[in-house]
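# Observations on chain architecture
Spelled out from the first residue to the last, the chains are:
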Amino acid sequence: MMPARLLVLLGCALVAAQPARAQDSQFEIPGLGTPGRWESARARMTAGAFAPFDPTSMVSDAALADIGALTASVVEGATYREVEAGGTQTWLRSTRYPQFSVGGPVSHRLVVGGGYSTYLDMSYDVTTRDSTVLRGVTQPYTDAIASDGGVTDLRLAAGYRVGSRLALGLGFHVLTGSTRMSAMRRFDDTTAYLTVDQTSLVRYSGLGVSGGALLSVTPALSLAAFARSDGPLSAYVADTLVRRSNLPITAGGAVRWLLGAKARLAGSVTWRSWSRTGPNAFDTVNWSAGLELGETRPLRLGVRGGQLPFGAGPSAPTEWGAVLGTGRVVAGGRGLVDLGLERLSRSSGAVQEVAWTLIVGLTVRP
Amino acid sequence: MTRARRLVAIGVAVLAACNEDLAAPGVCPQYCPSGTLSVIDTVLRTAISRDSAYGRPFGYQSPWTASLLLGATLPGRDSRPILRTGSIAPNVPVSTDTTSGTIVGVDSVELGLWITARNTRTRNLSIALYRLPIAIDSTTTFAALSQPFTDSLIRVVYVDSLIALPGNKNSITHDSVAVDTSGRFHLFLHFDSAQAPYVLADSGKLALGIRVQADTLAAVAFGASRLAGYGAAVTWWVKVDSLGAGIAHRVARPTGAPGFDSFVFDPPAPPLDGTLGVGGVPSMRSLLRVTLPRAIRDSSQIARATLEFLPSALPQGLVADSFGIVAQAVGADFGPKSPLDPVHVDTLRVYIGTLAPTDTVRIDVTNILRFWVGDTLVATSLALRQEPEGVDFSEIRFFSSSDSARGPRLHLTYTPVFPFGRP
């Protein structure tokens, strides 16, 4: 198969798109949702360690300054997730398109870019069994409450290279999206009691700003700093405001070390003040470390850890993951296909989940 | 690309293809959505108002509009079908051209009758046919026909005996009976010229009355002319003057004025009172107007809705028999002339003899209530009627809303709106 045909094959899988969302988690249910990662496929295959330096990721606006040429990038993730809770194990699966970015230089110092990424994923489908006494008779029933959708982050950003060692970036974010929610109760005795099934569309909106800086300390060592502040997220049902939630402030830093021409090492730390969003929420610190070896057919690996922002216990659920991936330059250097496999483990009390995600990325430089 | 690489590429495409299955058992309350579906079960005692019964003395179906003719000779109920055949022309064609001759006599008359419903416990059923005045119509009463039903007997046909004969046919009277696959009896009864004379002044119309008798449960239903294909049919074998060539024998069937059929009964149907009557002959309906609280109608979902009635009297009809009651939404509320919605219908079967005076009769109206909640512009009125109407003397009466203690109630099980989007 020719590289071009491989491109078409992967392109078809990507184009069969669903709304941009990241990975789901049962831990999102008591809170606002599962935070998105804002990482390109390449950065995600290093567990996000390279994301603050990656112009196709949306972590740091300053990284845009190094994009070099008009570039578009899209990510797909197909997740197979095992949830273990209450002594039962359930396999879930989902396909998401968590990020699309495009950017290009408008002058030799200034680069502008945009795109979308998942800010919060709010997809779940929870079924419960219970019973109630109606008209003197105990009636068992099954409830199914589902949410499908999330909040998307539309970004318009600019990166400016102040000098050979310093780049600055600024981004403006529009948070938008919706979830189609449904709540259904099906009684076992369907002849006496009809199933009730309610649906509604919840619409979200909000605004945010971000900024970042990229400093080359030496030709081999770079530092990145980034921060972001988002305004409150408003939720509307039928144009009626039903909820307004504060969103976290994000701050983080990263370091990258070039180990010769064919090896790169990076690490990053991100703090987010999720506790201000409401009950069952915790501030989070997430870290990652990654390594990239090779040029045209690189090997990437990374590990990440930290907390998830929402949980029902006294402390935040924890997350640990590892990822392995590679990439291949195609179409004479105008395309880059990335492929990786990520394993994430999350736990909080009696609830645990393990997710395997097949990550496919496509980057095009026309 | 090698075969192995191609397989890897295909595998990646399959694994990465779009798929979604997020249904998982909930770990409640820790990892369940904060909102839950609540179910409220309540009895609305004042939701029904301005309820009325209609249908007496002129019913939604009356004996002369019903699809069946009820014949019964039971304690407390005597019902007799009456019918008048259509007219026949005085001249009958006697040759292949348009030449016709005048009817001068009758060889015989065959009357076809369908018994469309019969209690399986009816034994030794017989039907007696009487000649009635030709002037019978919808105003004819049971009392007005007492004389001809006393002194104008034509003959008696023993149906069970006829069925027992070889070929279901009596070789002497030429009567016969056929039974179709649904158990309906098609009787062919023959009369001679004395029993069924041709009267020129009556245009060959023949008025007959029927009494049914049996050792047990003498109650049957004959098909009426409104029931296509099952009404009474008459065939005349007449003698015709063939214009000097002697007497010709021809067949003649009614081609002129249509016939008439109905039934008269005693005692007369009780009039309407302050209760909610359903069924009987003439058939009654009751119209109930329901006022749902706005919170329920605008934003809830009905899981179950039941109308609860207390009978003001035990249902009338044959003991151990049953009849159907239909609750039907109206298309628009025009009182007794409200058009009924054929789609939103709920049904109940009432078993006579098993209902105690203090029993509550419950009719499930979930379909109708769901319709009302789904379309808040429709009239929230419903009609109670018997199904089918006008073919059964069974009727039931309930206390109306004017009796605040025993009036109809609406028992609702519903879910208020789910708190979508709320914390």
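Residues numbered from 1 in each chain as written. Chains lettered and ligands numbered in written order. Predicted model: local features only at pLDDT ≥ 70, side-chain atom pairs only at ≥ 80, totals over all residues. Heavy atoms only, no water.

### Describing the sheet that holds strand β24 (residues 361-364) of chain B
Residue and element names in this part refer to chain B. Here is the rule we go by: Each pair of strands is called paired provided DSSP finds at least two bridges between the two strands. Starting at the N terminus, helices and strands are each numbered in turn, a helix being any DSSP run of H or I of at least four residues and a strand any DSSP run of E of at least two. Helix axes are fitted to C-alpha atoms over the stretch in contact, other axes to C-alpha atoms as well, and angles between N-to-C directions run from 0 to 180 degrees. Two residues form a contact once any of their heavy atoms are found within 4.5 Å.
Pairing is antiparallel in the open sheet, where four strands are placed in the order β3-β27-β20-β24. With partners counted over all chains shown, the strands left at the sheet margins are β3 (40-44) and β24, one partner each. In this sheet, adjacent strand axes meet at a mean angle of 20 degrees when their direction is disregarded. Note: β3 against strand β27 (residues 409-415), five bridges, orientation antiparallel. Of the residues in β27, the one forming a bridge with Val 43 is His 411. Sheet contacts for helix α5 (residues 366-374): β20 (301-309), β24 and β27; angle to β20, the most-contacted strand, approximately 130 degrees.

### With respect to empty space enclosed by the protein
Residues and elements named next belong to chain A. Our working definition: Using only the protein atoms, space was sampled on a 1 Å grid; points where a 1.4 Å probe fits but cannot get out form cavities, open sets with protein on both sides within 12 Å along at least five of seven lines form pockets, and lining residues are those with an atom within 4 Å of a point. Grid points are joined across faces, edges and corners, and a volume is the space filled by probe spheres set on the points. The nonpolar class holds Ala, Val, Leu, Ile, Met, Phe, Trp, Tyr, Cys and Pro. Asp, Glu, Lys and Arg form the charged class, and all remaining residues, Gly among them, are polar.
Enumeration over the complete set of coordinates arrives at seven cavities of 30 Å³ or more. One number sums up the size of the largest cavity: a volume of about 520 Å³. Put simply, the parts of the chain that give the lining of the largest cavity at least two residues each are β1 (34-35), β3 (88-105), β13 (263-272), β14 (284-293) and β15 (299-307). Looking at the lining of the largest cavity, the element that brings in the most residues is β14, giving four residues. Split by residue class, the lining of the largest cavity holds 13 nonpolar, 13 polar and seven charged.

### With respect to the nonpolar core
As a rule of thumb, nonpolar side chains are buried together in soluble globular proteins. Residues and elements named next belong to chain B. For clarity, the cut-off: In this text, buried Ala, Val, Leu, Ile, Met, Phe, Trp, Tyr and Cys residues form a nonpolar core when linked through side-chain atoms within 4.5 Å. Only protein chains enter the accessibility calculation, which uses a 1.4 Å probe; a residue is then buried when its area is under 20% of its type maximum, exposed when over 50%, and partly exposed in between.
Counting residues in each nonpolar core, the largest one holds 47 residues, and the members touching the most others are Leu 113, Ile 127, Leu 187, Phe 222 and Trp 236. Tallying contributions element by element places strand β8 (residues 100-118) first for this core, with six residues. What Leu 187 contacts, discounting residues up to four positions off in sequence, is Leu 111, Gly 112, Leu 113, Ile 115, Ile 127, Val 159, Leu 162, Ser 176 and Val 177. Judged by nonpolar contacts, the second largest core, of 36 residues, contains Ala 329, Phe 371, Leu 412 and Tyr 414.

### Points about the pattern of salt bridges
Residues and elements named next belong to chain A. Selection rule: When a carboxyl oxygen of Asp or Glu lies within 4 Å of a side-chain nitrogen of Lys or Arg, that pair is called a salt bridge.
If you walk through the whole model with that rule in mind, you get 38 salt bridges over all chains. A salt bridge links Arg 185 to Asp 143; the shortest N-O distance between them is 2.7 Å. Within this pair, whereas Arg 185 is found in strand β7 (residues 166-187), its partner Asp 143 is found in strand β6 (residues 137-161), the two being separated by 42 residues in sequence. Across the pair, exposure class does not vary: Arg 185 and Asp 143 are buried alike.

### Focus on the interface of chain A and chain B
The criterion, for reference: What counts as buried area is the accessible surface, traced by a 1.4 Å probe, that two parts surrender upon association, with contributions from both included. Any pair of nitrogen or oxygen atoms within 3.5 Å is treated as a polar contact; in protein, a donor-acceptor pairing is required on top of that, and neighbouring residues in sequence qualify only through side-chain atoms on both sides.
In this complex, chain A contributes 67 residues to the contact, which on the side of chain B involves 50 residues. When the two sides are added together, the surface that chain A and chain B hide from each other amounts to roughly 4,800 Å², 61% of it contributed by carbon and sulfur. Where chain A packs against chain B, one counts one salt bridge. Residue Asp 41 of chain B is joined to Arg 135 of chain A by a salt bridge in which the shortest nitrogen-to-oxygen separation is 3.5 Å. The interface formed by chain A and chain B contains twelve residue pairs in polar contact (both at pLDDT 80 or more). Looking at the side of chain A that touches chain B residue by residue, the class counts come to 36 nonpolar, 16 polar and 15 charged.

### A look at the layout of surface pockets
Residues and elements named next belong to chain A. Roughly 620 Å³ of internal volume is contained in the second largest pocket. Arg 42, Asp 54, Glu 292, Leu 336 and Arg 365 are the residues nearest the centre of the second largest pocket, which is lined by 29 residues in total. Contributing elements (two or more residues each) for the lining of the second largest pocket: α2 (41-44), β12 (249-258), β17 (335-348) and β18 (351-364). Class assignment of the residues belonging to the lining of the second largest pocket gives a composition of eleven nonpolar, seven polar and eleven charged.

### Structural notes on the environment of Ala 251 of chain A
Residues and elements named next belong to chain A. On the secondary structure map, Ala 251 appears in strand β12. Linking Ala 251 and Val 202, residues 49 residues apart in sequence, is a C-alpha distance of 29 Å. In contact with Ala 251, other than residues within four places in its own chain, are Phe 226, Ala 227, Val 269, Thr 270 and Trp 271.

### Let's talk about the packing of aromatic side chains
Residue and element names in this part refer to chain A. Which entries qualify depends on this criterion: Only the six-membered ring of Trp is used, alongside the rings of Phe and Tyr, when aromatic pairs are assigned; centres must lie within 6.5 Å, and planes under 30 degrees apart are stacked while those over 60 apart are edge-to-face, with the rest tilted.
Applying the stated criterion across every chain yields a total of 13 aromatic pairs over all chains. Between the aromatic rings of Phe 100 and Tyr 116, the centroid separation amounts to 6.0 Å while the plane-to-plane angle is 35 degrees, which identifies the pairing as tilted. Placement of the pair is Phe 100 in strand β3 and Tyr 116 in strand β4 (residues 110-121), with a sequence separation of 16 residues. Note on Tyr 116: relative accessible area 25%, which makes it partly exposed.

### Some remarks on the environment of Leu 207 of chain A
All names here are of chain A. The residue Leu 207 is located in strand β8 (residues 196-216) in this model. Between the alpha carbons of Leu 207 and Ser 123 there is a distance of 22 Å; along the sequence they are 84 residues apart. Ignoring sequence-local partners within four residues, the contact set of Leu 207 consists of Phe 172, His 173, Val 174, Asp 230 and Gly 231.

### Here's the deal with the sheet that holds strand β4 (residues 48-54) of chain B
All names here are of chain B. Pairing is antiparallel across the open sheet formed by five strands, whose spatial order is β4-β19-β25-β22-β23. The outermost strands of the open sheet, each flanked by one partner alone, are β4 and β23 (340-351). Adjacent strand axes in the sheet meet at a mean angle of 25 degrees, parallel and antiparallel pairs treated alike. Where strand β22 (residues 322-330) lies against strand β25 (residues 381-387), six bridges are found, and the strand directions are antiparallel.

### With respect to the pairing of strand β9 (residues 126-131) of chain B
Residues and elements named next belong to chain B. A large share of β9 lies buried, amounting to five of its six residues. Looking at chain direction, β9 and strand β10 (residues 153-158) are connected through five bridges and run antiparallel. Among the inter-strand pairings, Ile 127 is bridged to a residue of β10, identified as Val 157. One ladder, built from six bridges, connects β9 with strand β13 (residues 207-213); its direction is antiparallel. The partner of Ile 127 across the bridge, within β13, is Val 212.

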